[in-house]
Amino acid sequence: MPTSLIVVDDFLAPADARGLRDAALRLTYPEQDGAFPGRNSVERLEIDGLSEAASRLVNEPLRPISPLHSHGKFRITLASDVGRAGVHVDRSHWSGILYLSADEDCQGGTEFFRHRRTGTERLALDAAELARHGYADRASMHRDIIERDSADEAQWEMTMRVPMRFNRLVLLRPWLWHTAGPAFGDRMENGRLVYLMFFEVA
């Protein structure tokens, strides 16, 4: 039975967390062009010892995914941002989100869901689980659930939310049906600001 979720408060030393937020606010965020609300930073910043710290928390050796994609980038999402997609899965072995919004601005958090039509809470992990749900492979399950219903709120029941808090790390299994939760704010300083992590087995 795999561990699904780990939450760590005060992940970075206070001065390091404030410094990371300050650095994030100085980066470049191009116009939104993806399926999800918000914008990723052009620049990527490394947190010293991040892979080692994540490995200790999940008790298995991890390294950043290859290619890196969004690993090590920041994401800002404002209340006015819109996207085409909602509930999703990630292509990694573990995903990580470090909340960097100021506590007085934080709203919502990372949300997890049950798909109403199928009763599932995740992408199947093996052939037996796929067969139980009537799918030949993970790609067909993804097409039927995520590609079909991702943005249709009526198809989803929220099962849990990890609330946002400054310097809180959320490590989650990427196959869980999840979303970033509601966006907020009207500028960089009070918007939903996070640092993104995606790991594979080292």
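What you see is a predicted model; the values in this text were computed from it and never measured. Sequence positions are assigned chain by chain, starting from 1 and proceeding in written order. Only residues with pLDDT of at least 70 get local features here, since the model is predicted, and only at 80 or more are side-chain atom pairs given and counted; chain-wide, interface and lining totals rely on the full set of residues. Side-chain descriptors were evaluated using all non-hydrogen atoms of the structure, hydrogens and water having been removed beforehand.

Asks: Whenever I open this one, the overall build of the protein chain confuses me. Can you help?
Replies: Starting at the N terminus, helices and strands are each numbered in turn, a helix being any DSSP run of H or I of at least four residues and a strand any DSSP run of E of at least two. A count of helices and strands for the protein chain gives four helices and 10 strands. Counting from the amino terminus, the protein chain carries its helices and strands in the arrangement β-α-β-α-β-β-β-β-α-α-β-β-β-β. Our radius of gyration is a C-alpha quantity, and the globule rule it is checked against amounts to 2.2 Å times the number of residues to the power 0.38. At 17 Å, the protein chain has a C-alpha radius of gyration in line with the 17 Å of a compact globule built from 202 residues. Along the first, second and third principal axes, the C-alpha set of the protein chain runs to 50 × 40 × 30 Å. Under the scheme applied here, a residue whose accessible area is under 20% of the maximum for its type counts as buried, over 50% as exposed, and between as partly exposed, the area being computed with a 1.4 Å probe on protein chains only. Counting only residues that meet the buried cut, the protein chain has 48% of its 202 residues in that class.

Asks: Would you mind showing me how to read the pairing of strand β5 (residues 94–99) here?
Replies: Residues in a regular strand point their side chains to alternate faces of the sheet. Along β5, six of the six residues are buried, which leaves the element largely enclosed by surrounding structure. Burial along β5 is two-sided: the residues Trp-94, Gly-96 and Leu-98 and Ser-95, Ile-97 and Tyr-99 are all buried. Only strands joined by at least two bridges in the DSSP assignment are considered to pair. With six bridges joining them, β5 and strand β10 (residues 192–201) adopt antiparallel strand pairing. Bridge pairing links Gly-96 to Met-197 in β10. As judged from the four bridges shared by β5 and strand β8 (residues 169–172), these two strands associate in the antiparallel manner. Bridge pairing links Ile-97 to Val-170 in β8.

Asks: Even after reading the chapter, I still don't get helix α1 (residues 14–25), so can you show me in this structure?
Replies: An α-helical turn contains 3.6 residues, so any two residues separated by three or four positions project in the same direction. Multiplying one less than the number of residues by 1.5 Å gives the expected span of a helix. In this model α1 runs 17 Å from its N-terminal to its C-terminal C-alpha over 12 residues, within 8% of the 16 Å that 1.5 Å per residue would give. Note on contacts: a residue pair is in contact if any heavy atoms of the two residues lie within 4.5 Å. On its buried side, α1 packs onto β4 (74–77), β5 and β10.

Asks: Would you take a moment to explain the sheet that holds strand β7 (residues 156–163) for this structure?
Replies: Across a sheet, paired strands are connected by hydrogen bonds in the backbone, their directions being either parallel or antiparallel. As summarised here, the arrangement of the three strands in space is β7-β6-β9, forming an open sheet in which the pairing is antiparallel. For this open sheet the edge positions go to β7 and β9 (178–179), each flanked by a neighbour on one side alone. Strand direction decides the pairing type here: strand β6 (residues 109–115) and β7, joined by seven bridges, are antiparallel. Bridging from a neighbouring strand, Arg-114 pairs with Glu-157 of β7.

Asks: Which parts of the structure should I look at to understand helix α2 (residues 50–58)?
Replies: Here α2 has its buried residues at Leu-50, Ser-51, Ala-53, Ala-54, Ser-55 and Val-58. Against β1 (5–8), β3 (62–64), β5, β8 and β10 lie the buried residues of α2. A positive backbone phi angle near 65 degrees is found at Asn-59, which sits one or two residues after α2.

Asks: Mind showing me how you'd approach the pairing of β1 here?
Replies: Residues Ile-6 and Val-8 of β1 are buried on one face, while the alternating residues Leu-5 and Val-7, pointing to the opposite face, are not. Bridge analysis of β1 against β8 gives four bridges, and the strand direction is antiparallel. Bridged to Leu-5 within β8 is Leu-172.

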